[in-house]
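Coordinate inspection notes
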Amino acid sequence: MNLIVPITFVGFTALVALISWWKTRDDALDTQDGYYLAGRSLTGGVIAGSLLMTNLSAEQLVGMNSQSARVGMSPMGWEVTSAVALIILAFVLMPRYLKTGLTTIPQFFELRYDAAVRRLVSFIVLLSYVVIMLPNILYAGAQVFVNIFQIDVTFGLSRFAAIAIVCVLTAIVGSIYALCGGLHAVALSDSINGVGLVIGGLLVPVFGLIALGGGSFSEGWDAFIHTDPEMMNAFDAPNLNEPYLPWPLLFTGLLVNNLYYWATNQSIIQRTFGAKNLAEAQKGAVFAGFLKILTPIIIIVPGIISFYMFGDAALVDNGDAAYPMIVREVVPTPLLGFFAAVMFGAILSSFNSVLNSASTIYALDIHRPLFNPKASDSYMVKIGQRFGTVVAVFATILSPFMLYMGGITTFVNSCFAAFNTPIFVCLIVGFLSKKAPTIMPKIVIPVHVVLYCTLQFGLRNVIPALENVHYLYFTAALFVLDMVLVAVITKLYPRKEDFVLHDVGAVELVPWKHGKAVAAFVLCVMVAAYVVFSPLVLGA
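Residues numbered from 1 in each chain as written. Predicted model: local features only at pLDDT ≥ 70, side-chain atom pairs only at ≥ 80, totals over all residues. Heavy atoms only, no water.

1. Here's the deal with the overall build of the protein chain
What counts, and what does not: Numbered from the N terminus, helices here are DSSP runs of H or I no shorter than four residues, and strands are runs of E no shorter than two. The rule is simple: take the accessible area with a 1.4 Å probe, protein chains only, and divide by the maximum for that residue type; under 20% is buried, over 50% is exposed, in between is partly exposed. We call two residues in contact whenever any of their non-hydrogen atoms come within 4.5 Å of each other. Every accessible area reported is derived by Shrake-Rupley at a probe size of 1.4 Å, with residue values counting cover from the shown protein chains alone.
Looking only at helices and strands, the protein chain features 25 helices and 0 strands. Buried positions account for 59% of the 540 residues belonging to the protein chain. Long-range contacts, defined here as pairs at least 24 residues apart, represent 84% of the contacts in the protein chain between residues at least 6 apart. Split by element, the accessible area of the protein chain, about 20,200 Å² in all, is 69% carbon and sulfur.

2. Regarding the packing of aromatic side chains
Spelled out, the test is: Two rings from Phe, Tyr or Trp (for Trp, the six-membered ring) form a pair when their centres are within 6.5 Å of each other. A pair whose planes differ by under 30 degrees is stacked, one over 60 is edge-to-face, and the rest are tilted.
In this structure the tally under the stated criterion is 19 aromatic pairs. Aromatic pair Tyr97 and Phe273: ring centres 5.1 Å apart, planes at 70°, arrangement edge-to-face. Remark: Phe273 occurs in helix α13 (residues 266-273) and Tyr97 occurs in helix α6 (residues 82-100); sequence separation between them is 176 residues. On the accessibility criterion, Tyr97 (0% relative accessible area) is buried. Here Tyr260 and Phe419 contribute two aromatic rings whose centre-to-centre distance is 6.3 Å and whose plane-to-plane angle is 90°, an arrangement assigned as edge-to-face. With a gap of 159 residues between them, Tyr260 in helix α12 (residues 253-263) and Phe419 in the loop between α20 (408-416) and α21 (420-432) connect regions that are remote in the sequence. Accessibility assignment for this pair places Tyr260 and Phe419 in one class, buried. Site record: aromatic cluster; members linked through ring pairs are Tyr97, Phe108, Phe109, Tyr113, Phe273, Phe431 and Phe499.

3. Some points on the nonpolar core
Formally: What makes a nonpolar core is a set of buried Ala, Val, Leu, Ile, Met, Phe, Trp, Tyr and Cys residues whose side-chain atoms join them at distances within 4.5 Å.
Of all hydrophobic cores here, the largest spans 159 residues; its most connected members are Tyr97, Phe224 and Met232. Here Tyr97 is in contact with Leu89, Leu102, Ile105, Ala263, Thr264, Ile269, Phe273, Leu427 and Phe431, once residues within four sequence places are set aside.

4. Remarks on the state of the cysteines
For the record, the criterion: In what follows, a disulfide is any cysteine sulfur pair within 2.5 Å.
In the structure shown here, the tally under the stated rule is 0 disulfides. Looking at Cys415, it has no disulfide partner, and the nearest cysteine sulfur is the one in Cys453, 8.6 Å off. Look at Cys415 and you get buried, because its relative accessible area is 18%.

Structure representation (structure tokens):
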């Protein structure tokens, strides 16, 4: 391989690490806010970049492009409609989050309900991070590197061994960021890598269209939109199963799913908790929503180009080979090192962000209240670092075995759907209802988890009518059931004293002056994107 590839890869990766270290070298990492919330100093641009980079990893690049290679533009719904959830986060939940001065989501569950609910939510979230998120992030990243650089062929390794080695190396570097640098280092490196991801990510569809057009970008674009107009239609029929995204889900199950991910998921919103004030948090969330509308250019379009170029060969491994194939084929060799570094940064971003959040939840929501309530902040930072190390090792061991789990995106999202909805329901009800009792989440969460697992992993395999029902329809139906349970439980066992949300004075709570106008513009752009990729314009 050309020597410039490893040189540019190491150079860019080292540059990001050096800048992150230099900018955070004087941070106070021995305090709770300093280590876990970046000293509550993050600005809107850094928050937006970190939100995007935490979300955009190899898991997204490989998984979403694999879906688009199979079904066309409809998976863009996972990206574009995220803007709605981020706007709700900015204007409905952020004022309440920052008012309470939270460091973790489970803290609110104890404040609103009791310690038992806090521990229940903490355990569920930690389990999902360790068993689902972290191993899949490492595996997806390893798959990209193994496919693009053919590591198994070059070194005469089995595919499993090659993936395992890359997983280990990625975990080591990501752990150093997350455990030694705290949230500020994570967020800063995310922002720098975000610039690289935009540049590097755009190279793939640009060079892909040129290749599709036989050397002409314009002819490639013409081929992209006219070869199969059905692939350009973002509105799938209501009765289709994954990887399709039926259009009714855009307003039901997908919306609920996105609200959990963008407004409740600790690994995502921890960036907004670190905002210097409410206005900056809202800027970050809204701008991230705008960026999510544009991300299909990077994580949807290349998959379709790959299918047009390689046909059924792009659908190997449930389509997970589509993205690495097009990268290896169209990106010029001198740029592969830079692309690899950008990809590595995206992988690290998601890995170290989730690891940092896992350490935060364990230290502050489990260890301190259960084992050492009077522990100092500096001691809790050490506890979080030790736990993070154990989690990193365990997730790394699991990661290569994700090779046998099928398509990445469907596996992750269908597993998360087991618990994301009831946690979001109990959180939003906790904020908006003064009467919801302590017992409510102790009933709603277990009932939802049992029913979802029964439907998704049990009944759909034995009842023909459920076999091809998209799992997000289960999410939508169970969301309604959850809300009915909430209403009944609150009616039967109302809280004796109304819950009052007190302002702890953590940050300034003056909202962003132009926030609602900018949010309205973002929503208009979102609608325009769906008009373009519909039968009205490009679709069929």
